[in-house]
Amino acid sequence: MDTVEDDAWMSQPEAARRLGVTLIRVGMLIANRRLIPAENPAGQAGVTTASVQAEETWRANASRRAKFARLLKDTFNWF
């Protein structure tokens, strides 16, 4: 896991709030490499702000079909 500056780091609960998903879904997004795990200088685990922004952009522009297909794929890969 990379260490990034505080302005490039976001906690997992904050990422969940920003994306409008549950914390479990954030874990799934990390496991499926949709969000990039990172530590801040204090050693706290979280994700990169850039990966959250990329996920927000994808969610804003993806069709319902694409979102559903991705959810199925991510769920399958989770197990």
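Scroll up for the structure.
Residues numbered from 1 in each chain as written. Predicted model: local features only at pLDDT ≥ 70, side-chain atom pairs only at ≥ 80, totals over all residues. Heavy atoms only, no water.

Along the backbone of the chain there are 4 helices and 4 strands. Ordering the α and β elements of the chain from the N terminus gives β-β-α-α-β-β-α-α. Taking 79 residues into account, the globule formula puts the C-alpha radius of gyration at 12 Å, and the chain, at 13 Å, falls close to it. The principal-axis extent of the C-alpha atoms belonging to the chain is close to 40 × 25 × 20 Å. The buried share of the chain, taken over its 79 residues, is 34%. Expressed as a percentage of contacts within the chain between residues at least 6 apart in sequence, the contacts between residues at least 24 apart total 63%. Here the chain has roughly 5,300 Å² of accessible surface; of this, 55% comes from carbon and sulfur atoms. Charge centroids of the chain, computed over 11 positive and 9 negative side chains, lie 16 Å from each other. (Helix = DSSP H or I, 4+ residues; strand = E, 2+ residues; numbered from the N terminus. Rg over C-alpha atoms; globule rule 2.2 N^0.38 Å. Buried < 20%, exposed > 50% of the residue type's maximum accessible area, 1.4 Å probe, protein only. Contact = heavy atoms within 4.5 Å. Areas by Shrake-Rupley, 256 points an atom, 1.4 Å probe, with all protein chains shown as cover. Lys, Arg positive; Asp, Glu negative; His and termini not counted. Charge placed at Lys NZ, Arg CZ, Asp CG, Glu CD.)

A separate point is the nonpolar core. Counting residues in hydrophobic clusters, the biggest one holds 11 residues: Met10, Ala15, Ala16, Leu19, Val21, Val26, Leu29, Ile30, Leu35, Val47 and Val52. What Met10 contacts, discounting residues up to four positions off in sequence, is Ala15, Arg18, Gly46, Val47, Thr49 and Val52. (Core = buried A, V, L, I, M, F, W, Y, C linked by side-chain atoms within 4.5 Å.)

It is worth spelling out the packing of helix 1 (residues 12-19) against helix 3 (residues 49-61) at this point. Orientation of helix 1 relative to helix 3, taken along the N-to-C sense of each, is 20 degrees, at an axis distance of 10 Å. Judged by the inter-axis angle, helix 1 sits roughly parallel to helix 3. Like other packed secondary-structure pairs, helix 1 and helix 3 cross with a definite hand, here right-handed. Each of Ala15, Arg18 and Leu19 in helix 1 lies in contact with helix 3, whose residues at this interface are Thr49, Val52, Gln53, Glu55, Glu56 and Arg59. Across the contact of helix 1 with helix 3, the residue classes break down as 3 nonpolar, 2 polar and 4 charged. (Axes fitted to C-alpha atoms, helices over the stretch in contact; angles between N-to-C directions. Parallel < 35°, antiparallel > 145°, perpendicular 65-115°, else oblique. Left-handed = near helix turned anticlockwise from the far one by under 90°. Nonpolar A, V, L, I, M, F, W, Y, C, P; charged D, E, K, R; others polar.)

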